[in-house]
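Summary of structural features
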Amino acid sequence: MERLGVKFDVIAAGIKEKSNKKRPAALVQDLAVQKAFYVAAQYPDAVIIGGDTVVYCKGKILGKPKDKKDALRLLSLENGSWQRVYSGLALICKNKKQFFVGYDVTKCKARKLDQKTLGELAGKHMDKAGAYAMQDKDDMFIEKVEGSYDNVVGMPSELFKEMVKEFL
């Protein structure tokens, strides 16, 4: 957002991240909408952006790790494999009755690392879906990206720009 020159405040949505959606694209959009509506109820005149990200690998949706053991489980599953990073965005201005939702997907290839190295990485990125952060110079887990880099390390800026055009 800063790089795009957009002034913003971060307000955590106090929701439990629960959804009955089973497909990653539907799941991230559903959670982004839930978060946006929660915050919009408190700030009905503001333009609210809700977002959510998951990693999809080997038929499994991977969120944030619960603990270091879970982080190691996620990294071991992703190790040496292609995966997809899905990010959902929802824009809403409640009082203007404007609402848009969408998602972006990026393919990433994880480097094949030994168990010792995976153990060293586990627990470093507990706040990240998939338990890795490729923007971190010390995190060498992802070796190749096909698609939007921004979608993996922040928010899908191209999708955001498209949505804002519709919103204005």
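**Description of the environment of Met1**
By the element assignment, Met1 lies in the segment before helix H1 (24–42). The exposure class of Met1 is partly exposed, given its relative accessible area of 22%. Residues contacting Met1, with those up to four places away along its chain left out, are Val6, Phe8, Ile49, Met155 and Phe160.

**Quick word on helix H5 (residues 157–167)**
Every buried residue of H5 is accounted for by Ser157, Leu159, Phe160, Met163 and Phe167. Each buried residue of H5 lies within a common arc of 150° when the element is viewed along its axis, so the set occupies one face. Of the exposed residues in H5, those oriented more than 90 degrees away from the buried face are Glu162, Lys165 and Glu166. Taken together, the buried residues of H5 touch strand S1 (48–57), strand S3 (82–93), strand S4 (98–110) and helix H4 (149–153).

**Brief notes about helix H2 (residues 68–78)**
One full turn of an α-helix is made of 3.6 residues, so residues set three or four places apart face in the same direction. Residues of H2 that are buried: Asp70, Ala71, Leu74, Leu75, Leu77 and Glu78. Seen along its axis, H2 keeps its buried residues to an arc of 160°; they face one direction. Exposed and facing more than 90 degrees away from the buried side of H2 are Lys68 and Lys69. For H2, the secondary structure elements touched by its buried residues are S1, strand S2 (60–62), S3, S4 and helix H3 (115–121). Where H2 starts, the residue carrying a side-chain oxygen 3.2 Å from the main-chain nitrogen of Lys69 turns out to be Asp67. Note on H2: the residue one or two positions beyond its end, Gly80, has a positive phi of about 75°.

So, how was this worked out
- Residues numbered from 1 in each chain as written.
- Predicted model: local features only at pLDDT ≥ 70, side-chain atom pairs only at ≥ 80, totals over all residues.
- Heavy atoms only, no water.
- Helix = DSSP H or I, 4+ residues; strand = E, 2+ residues; numbered from the N terminus.
- Buried < 20%, exposed > 50% of the residue type's maximum accessible area, 1.4 Å probe, protein only.
- Contact = heavy atoms within 4.5 Å.
- Arc of directions from axis to C-beta.
- Polar contact = N/O pair within 3.5 Å; in protein donor to acceptor, adjacent residues only side chain to side chain.

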